[in-house]
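Coordinate analysis (summary)
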Amino acid sequence: MDERTHSGLTAVKIAMAVNTFLAILKVLLGVIANSIALIGDGLDTTVDVVKNIIVYKGTQIASRPPDFDHPYGHGRAETISSSIIGISVVLAGAFVIYEAIARFGKTEALDILMMIGATISIVGKIFLSAYMNIVGKRISNQALIANAKDYFGDILSSISVLLGGILIRFTGKSYFDSIASFFVAIIIIYMGYDILKPVISEIMEETDESIADEVQKIISSFDSVCNPHQIRVRKFGSYYVIDLHLEFPKDMSVGDAHSIATEIEETIKKNIKNISEVIINIEPCSKL
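The sections below set out a description of the structure shown in this document. Keep in mind that what you see is a predicted model, and the values were worked out from it rather than measured.

Now for the pattern of salt bridges. All told, the structure shown has 4 salt bridges when counted by the stated rule. For Lys 26, the salt bridge is made with Asp 41, and the minimal N-O distance between the two is 3.4 Å. A residue pair is termed long-range when its members are at least 10 positions apart, and Lys 26 in helix 1 (residues 3–33) and Asp 41 in helix 2 (residues 36–62) qualify at 15 residues. In this structure, Arg 232 engages Asp 243 in a salt bridge whose closest nitrogen and oxygen atoms are separated by 3.0 Å. Of the two residues, Arg 232 is situated in strand 1 (residues 226–236) and Asp 243 in strand 2 (residues 239–249); the sequence distance between them amounts to 11 residues. Judged by its relative accessible area of 36%, Arg 232 falls in the partly exposed class. Owing to a relative accessible area of 13%, Asp 243 belongs among the buried residues under this scheme.

Right, here's the structure in full:
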């Protein structure tokens, strides 16, 4: 197992342990306190536990080398993990909205338990969000970074629960629990959208223009080639595959053209991060 995979799996294990503790705590306190906001926050964390399992498996699969059936590798396993995370987050938010509407003003929430559960959750999620973001960016793991964003949303959700508990304490109005639930749900749904947006771009194979521009600059430093075109940048989880068409002098031998193409490929990989493969289609150029 390489260092990248080991770091990713270790981070997921830590997240699973912390989330399991927080999920049990918040749901238990939410039931005792009769707080739909805290229960909703706890259910969202329960979804986090399931997502951690999905990310763990996705990271394992993504680390596998290319094979006959998957010539570009298994990096899209991380993309699939991120899409499942995003969809599950949106669904969790929709459930919280439903419960908040159904129980609006009909329950008496215990504010002190809401505040205790929310405070513990905020501390735990701040740790997880920072930790997963640092590890995810260090090893370029999209699923871990998606989890870090989701945890940041969880922090905002728990802050809403905390504020709801404080307002109930000072006003005696229990409907602030349902109002807090709405804020929790909106934050949850937005974070789900934020996670899904880059995933959809990757699935639709949207070209990263910044990388394409970098490739153009690198190729322009080689005098013996011309007219780079049809530059396509495809993202597979944490890495990219580039294919392009490049023109060489008509009188240049195939061997020389291949040597230059190989040098260009190596230069691109050296100067641009996370490039797994560069495919250059050699064409004749009438200008050289």
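Next comes the rest of the account.
What follows is about the packing of helix 3 (residues 76–102) against helix 5 (residues 142–171). Taken N-terminus to C-terminus, the directions of helix 3 and helix 5 make an angle of 20°; their axes are 8 Å apart at the nearest point. By the criterion of interaxial angle, the relationship of helix 3 to helix 5 is roughly parallel. Like other packed secondary-structure pairs, helix 3 and helix 5 cross with a definite hand, here right-handed. Mapping the contact onto sequence places Glu 78, Thr 79, Ser 81, Ser 82, Ile 85 and Val 89 in helix 3 and Gln 142, Ala 143, Ala 146, Asn 147 and Asp 150 in helix 5. Taken together, the residues of the contact of helix 3 with helix 5 sort by class into 4 nonpolar, 5 polar and 2 charged.

Right, let's get into the state of the cysteines. Enumeration according to the criterion identifies 1 disulfide in this entry. The disulfide partner of Cys 226 is Cys 285, and the gap between their sulfur atoms is 2.3 Å. Taking the sign of the torsion about the S-S bond as the criterion, the disulfide between Cys 226 and Cys 285, at about 135°, is right-handed. Separated by 59 residues along the polypeptide, Cys 226 in strand 1 and Cys 285 in strand 3 (residues 275–285) bring together distant segments of the chain.

The subject of this paragraph is unusual backbone geometry. Non-glycine residue Asn 34 carries a positive phi angle of around 60°. As for its placement among the helices and strands, Asn 34 is situated in the loop between helix 1 and helix 2. The class for Asn 34 is partly exposed, based on a relative accessible area of 30%. In this structure, Asn 227 is a non-glycine residue whose phi angle is positive, near 50°. Position of Asn 227 relative to the elements: it lies in strand 1.

So, about the layout of surface pockets. Taken as a whole, the largest pocket spans an internal volume of roughly 480 Å³. Broken down by secondary-structure element, the contributors of at least two residues to the lining of the largest pocket are helix 5, helix 6 (176–203) and strand 1. Per-element tally for the lining of the largest pocket: the top contributor is helix 6, with 5 residues. Here the residues of the lining of the largest pocket sort into 7 nonpolar, 8 polar and 6 charged.

Summed over the entire model, instances satisfying the criterion amount to 2 aromatic pairs. Measuring from centroid to centroid gives 6.3 Å for Tyr 190 and Tyr 193, while their planes differ by 45°, and the two rings are tilted. Of this pair, Tyr 190 and Tyr 193 both sit in helix 6, 3 residues apart, which is roughly one turn of the helix. The lysine or arginine in question, Lys 235, covers the ring of Tyr 240, its NZ or CZ lying 5.6 Å from the ring centre.

Definitions and limits used
- Residues numbered from 1 in each chain as written.
- Predicted model: local features only at pLDDT ≥ 70, side-chain atom pairs only at ≥ 80, totals over all residues.
- Heavy atoms only, no water.
- Salt bridge = Lys/Arg side-chain N within 4 Å of Asp/Glu carboxyl O.
- Helix = DSSP H or I, 4+ residues; strand = E, 2+ residues; numbered from the N terminus.
- Buried < 20%, exposed > 50% of the residue type's maximum accessible area, 1.4 Å probe, protein only.
- Axes fitted to C-alpha atoms, helices over the stretch in contact; angles between N-to-C directions.
- Parallel < 35°, antiparallel > 145°, perpendicular 65-115°, else oblique.
- Left-handed = near helix turned anticlockwise from the far one by under 90°.
- Contact = heavy atoms within 4.5 Å.
- Nonpolar A, V, L, I, M, F, W, Y, C, P; charged D, E, K, R; others polar.
- Disulfide = S-S within 2.5 Å.
- 1 Å grid on protein atoms, 1.4 Å probe; cavity = no way out; pocket = protein on both sides within 12 Å on 5 of 7 lines; lining within 4 Å.
- Points joined across faces, edges and corners; volume = space filled by probe spheres on them.
- Phe/Tyr/Trp six-rings, centres within 6.5 Å; stacked < 30°, edge-to-face > 60°.
- Lys NZ or Arg CZ within 6 Å of the ring centre and 35° of its normal.

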